[in-house]
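What follows is each chain in one-letter form.
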Amino acid sequence: MDTEPIVLDGFLEEATAPGDLHGSTARFRLTVSPTDERTDEMILPCGVTDPALALAVIHDLAPGDKIRVTGYLRLPRTPDEPTWLVVTTLAVLETAPLLTDPATNATAVLERYGPYVCYFDADTPTVEVFTETGTPVGTAADPDEIGALIEAHENGGA
């Protein structure tokens, strides 16, 4: 492990998982995007060994949450080991947007594109796009048009 802690902000793209049978450790993957370019994103596996923090990670975090983690980067010792972050502190910066009634939207998925959130519903080809603060950007007729819609929004278009 490195001797200096690092601080990273990122998003949870998927649910957290217990690291052991007792839930005294936790694992999750943090998506870090230093720019708004999707090609600059990095997915970093993270582990929590503090039992109290692990319990909070398992039960309180949800996909789409924006979090700040502090920890130590664990570099691989062999080619088959992953690089991962040993998390020592965690703070929720923004919670994920909540669906009004998730049970009625069982086919719905929220996906993040940098500072944008897209609402996909398998029952329709259209995609609703919002800023991460909840401001509507517009509706893409299909997923292939999301990039053009975001670009138009960033350039002041409709």
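K.L.:
What is the right way to read the sheet that holds strand β8 (residues 116–121) from this model?
P.N.:
Two orientations exist for strands paired in a sheet by backbone hydrogen bonds: parallel and antiparallel. Strand order in the open sheet made by the 4 strands is β7-β8-β9-β10, with antiparallel pairing throughout. Every interior strand has two partners, whereas the edge strands, β7 (108–113) and β10 (136–140), have only one. On average, each strand axis in the sheet is inclined to that of its neighbour by 20°, with strand direction left out of account. Looking at chain direction, strand β9 (residues 127–131) and β10 are connected through 4 bridges and run antiparallel. Across the sheet, the residue bridging to Val127 is Ala140, located in β10. Sheet strands in contact with helix α2 (residues 146–154) are β7, β8, β9 and β10, and its direction is about 150° off that of β10.

K.L.:
Honestly, the side chain of Thr70 in this entry has me stumped. Any pointers?
P.N.:
Within the secondary structure layout, Thr70 lies in strand β5 (residues 66–74). When near neighbours in sequence (up to four residues on either side) are disregarded, Thr70 contacts Pro5, Ile6, Val7, Val86, Val87, Thr88 and Thr89.

K.L.:
What's the story with the pattern of salt bridges in this structure? I'm lost.
P.N.:
All chains considered together, the criterion is met by 2 salt bridges. The partner of Asp9 in a salt bridge is Arg68, and the shortest N-O contact between them spans 2.6 Å. In this pair, Asp9 is assigned in strand β1 (residues 6–12) and Arg68 in strand β5, connecting sequence segments 59 residues apart. Residue classification places Arg68 among the partly exposed residues on the basis of a relative accessible area of 37%. One salt bridge in this structure joins Glu14 and Arg29, with 2.8 Å as the shortest N-O distance. With Glu14 in the loop between β1 and β2 (17–18) and Arg29 in strand β3 (residues 26–32), this pair connects stretches of sequence that are 15 residues apart.

K.L.:
What is the right way to look at the confidence of the model for the chain in this model?
P.N.:
Where the model shows low pLDDT, its predicted coordinates should not be examined in detail. This prediction gives the chain a mean pLDDT of 83; 90% of its residues lie at or above 70. Here β7 stands out as the least confident element of the chain, with mean pLDDT 75; β5 is the most confident, with 93.

K.L.:
Just to check I follow, could you spell out the environment of Arg112 for this structure?
P.N.:
Within the fold, Arg112 resides in strand β7. When the C-alpha positions of Arg112 and Gly64 are compared, they lie 7.2 Å apart, and in sequence the two are 48 residues distant.

K.L.:
Where do I start with helix α1 (residues 51–60) in this structure?
P.N.:
For α1, every residue scored as buried is listed here: Leu53, Ala54, Val57 and Ile58. Summarising the axial view, the buried residues of α1 lie within an arc of 135°, below the 170-degree limit, and thus occupy one face. For α1, the exposed residues lying more than 90 degrees away from the buried face are Ala52, His59 and Asp60. Residues of α1 that are buried sit in contact with β2, β3, β4 (42–48) and β6 (84–94).

About the criteria used
- Residues numbered from 1 in each chain as written.
- Predicted model: local features only at pLDDT ≥ 70, side-chain atom pairs only at ≥ 80, totals over all residues.
- Heavy atoms only, no water.
- Pairing = 2+ DSSP bridges.
- Helix = DSSP H or I, 4+ residues; strand = E, 2+ residues; numbered from the N terminus.
- Axes fitted to C-alpha atoms, helices over the stretch in contact; angles between N-to-C directions.
- Contact = heavy atoms within 4.5 Å.
- Salt bridge = Lys/Arg side-chain N within 4 Å of Asp/Glu carboxyl O.
- Buried < 20%, exposed > 50% of the residue type's maximum accessible area, 1.4 Å probe, protein only.
- pLDDT = per-residue confidence, 0-100.
- Arc of directions from axis to C-beta.

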